[in-house]
Amino acid sequence: MSDFKPKSEFLQTLIARGYIHQCSDYAGLDEKAASGTLSAYIGFDCTAPSLHVGSLVQIMMLRWLQKTGGKPVPLMGGGTTRVGDPSGRDESRKILTLDDIESNKNGIKTVFSKFLTFGSGSHDALMIDNAEWLTTLNYIEFLRDVGRHFSVNRMLSMDSVKMRLDRDQELSFLEFNYMCLQAYDFVELNKRYGITLQMGGSDQWGNIVTGIDLGRRMGTPQLYALTSPLLTTASGAKMGKTAQGAVWLNADMLPVYDYWQFWRNTEDRDVGRFLKLFTELPLDEIARLEQLGGAEINEAKKILATEATAMVHGRDAAEQAELTARKTFEEGITADTLPTITITASDVDAGLGVLAAFVKAGLVASTSEARRQIKAGGLRVNDAVISDDRANLGHDTFMHDGAVKLSLGKKKHVLLKRA
RNA sequence: GGGGGAAUGUCCCGAGCGGCAAAGGGGGCGGACUGUAAAUCCGCUGGCUAUGCCUUCGCAGGUUCGAGUCCUGCUUCCCCCA
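Notes on the structure in this doc start here. (Residues numbered from 1 in each chain as written. Chains lettered and ligands numbered in written order. Predicted model: local features only at pLDDT ≥ 70, side-chain atom pairs only at ≥ 80, totals over all residues. Heavy atoms only, no water.)

1. Some words on the pairing of strand β6 (residues 224-228)
Here β6 lies mainly inside the structure; five of its five residues are buried. Side chains Tyr 224, Leu 226 and Ser 228 project from β6 onto one buried face, and the interleaved Ala 225 and Thr 227 project onto a second face that is buried too. Here two bridges tie strand β1 (residues 22-23) to β6, and the two strands are oriented antiparallel to one another. For Gln 22, the partnering residue across the bridge sits in β6 and is Thr 227. (Buried < 20%, exposed > 50% of the residue type's maximum accessible area, 1.4 Å probe, protein only. Helix = DSSP H or I, 4+ residues; strand = E, 2+ residues; numbered from the N terminus. Pairing = 2+ DSSP bridges.)

Shown next, in the form of structure tokens:
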């Protein structure tokens, strides 16, 4: 790949920005992309009501595809989510109800409208749900037309399966079938929509290639696979998981300010890589930012945070978050735009203890934890460290605008606002 | 079908003579140092109306002043023999 010189803008961009881990056929795919007729899809499971930053690389690949003249298709796994993907997973996934899947799907849909332009034109994005063909599959017909093309011998040798077998871990027949369905998706998407490329994370390689193979046997044109590297931070942690949980893309799951903070806290060593993957800044600009050393790299992190946030939540909200952060961290002002929890005046009248207040604000999980944090000097009210766990928040602790700033550690702040 | 082993603190791994809120890691959180970074060091890491009370060791019973630990039955998983 290193010496491959693509002529398509699509591959040029993806290679230059570090999106590519593996490709089944660079030259062939490049040809297709350069002709301006490339349609590609990426499958997304409907296992949660929102996608998180772990899916962001995939979303960005679809976006770049559209920007470079291709047609992107996010595929909702409305059908496959009912089965569960064993790839790279040690445990079987629990089966979700149809209602859950449906509402998850709706939550996930919204994020794509931020990244892609949908419509009916030839380069407009299209959202498809594989429930469209999977749910009406007839078992006998499927076996006859599709099942006969799968080699169990080969499937057993696939990493995702082998791993489970080697460790003597249960792999149900249902899960085993996941890869067949995913392969079938690819073929079906080609027949119905002319899609010739499936992209995904590197853990999807086997599934994607199986789809290409199935296509060959079932008479599709040449199909292609393109995977992105599995993203970890420089210190090896998986992308997208933090202490409190996943870094969700939907604002109702994670406040914009917190999303901005997630990027702001990027490790030094990751800044350049993340700028390339998660922003659309020109590469020479990124090269300049990467040169920043020492404390100056913080400027690059702020740009990363704002750019990445703008992509999901819009420029205004991103700049708002940046401003809030500047007030909070650099100017020492209590910004009224911090994430806010509302309480009633009568809560205060009834005597609101610090412990309960921090629990209510969601900064600690229990009053016991609040006590521990107080002991460790980790809780502050209006920037004053709390030492007495029996202290009450009276009306006088609420500032002019009726809010108290509660802080856990130096980074997490929540406003408690009196309604 | 027969024989053997395993299940532990609801993040994970993992010790546990009958006195156990249960060793030790990892992870996470907080503190110190910094640059809202990394590395390092220190502390914490069941719940509550809290000098006490309640709930935890696969499930259900039993023995005992007292059970994660002993006995019985059950569930699940693994190994060996058939």
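On we go from here.
2. Thoughts on the packing of aromatic side chains
Each aromatic ring pair is summarised here by two numbers: the centre-to-centre distance and the angle between the ring planes. Across all of its chains, the model carries nine aromatic pairs by this definition. Here the aromatic rings of Phe 44 and Phe 112 are separated by 4.9 Å at their centres, their planes lie at 65°, and the arrangement is edge-to-face. Taken together, the positions of Phe 44 in strand β2 (residues 39-44) and Phe 112 in helix α4 (residues 98-115) put the pair 68 residues apart, joining distant regions of the chain. Residue Phe 44 is classed as buried on the basis of its relative accessible area of 4%. The class of Phe 112 is buried, set by a relative accessible area of 0%. (Phe/Tyr/Trp six-rings, centres within 6.5 Å; stacked < 30°, edge-to-face > 60°.)

3. Concerning the protein's contact with RNA strand B
Neighbouring residues of RNA strand B: 31 residues in total, closest Asp 268, Arg 371, Arg 372, Gln 373 and Lys 410. In RNA strand B, the atoms that sit within 4 Å of the protein are 69% sugar and phosphate, with bases accounting for the remainder. With respect to RNA strand B, the side chain of Gln 373 contributes an N or O atom lying 2.6 Å from a sugar or linking oxygen. Within the contact set of RNA strand B, a sugar or linking oxygen lies 3.3 Å away from a backbone nitrogen or oxygen of Ala 376. (Near = heavy atom within 4 Å. Polar contact = N/O pair within 3.5 Å; in protein donor to acceptor, adjacent residues only side chain to side chain.)

4. Side note on unusual backbone geometry
The residue Asn 382 is not glycine, and still its phi comes out positive at about 50°. Along the chain, Asn 382 falls in the loop between β11 (379-381) and β12 (384-385). Even without a glycine there, the phi angle at Asp 383 is positive, about 70°.

5. Side note on the nonpolar core
Soluble globular proteins tend to bury their nonpolar side chains together. Core analysis: the largest hydrophobic core is formed by 68 residues, its most contacted members being Phe 10, Phe 112 and Trp 263. The greatest single-element share of this core, amounting to eight residues, is contributed by helix α3 (residues 56-67). Non-local contacts of Phe 112, meaning those with residues more than four positions away in its chain, are made with Phe 44, Leu 51, Ile 59, Leu 62, Pro 74, Met 76, Phe 118 and Met 127. Of all hydrophobic cores here, the second largest spans 28 residues; its members include Trp 133, Met 158, Ala 183 and Leu 214. (Core = buried A, V, L, I, M, F, W, Y, C linked by side-chain atoms within 4.5 Å. Contact = heavy atoms within 4.5 Å.)

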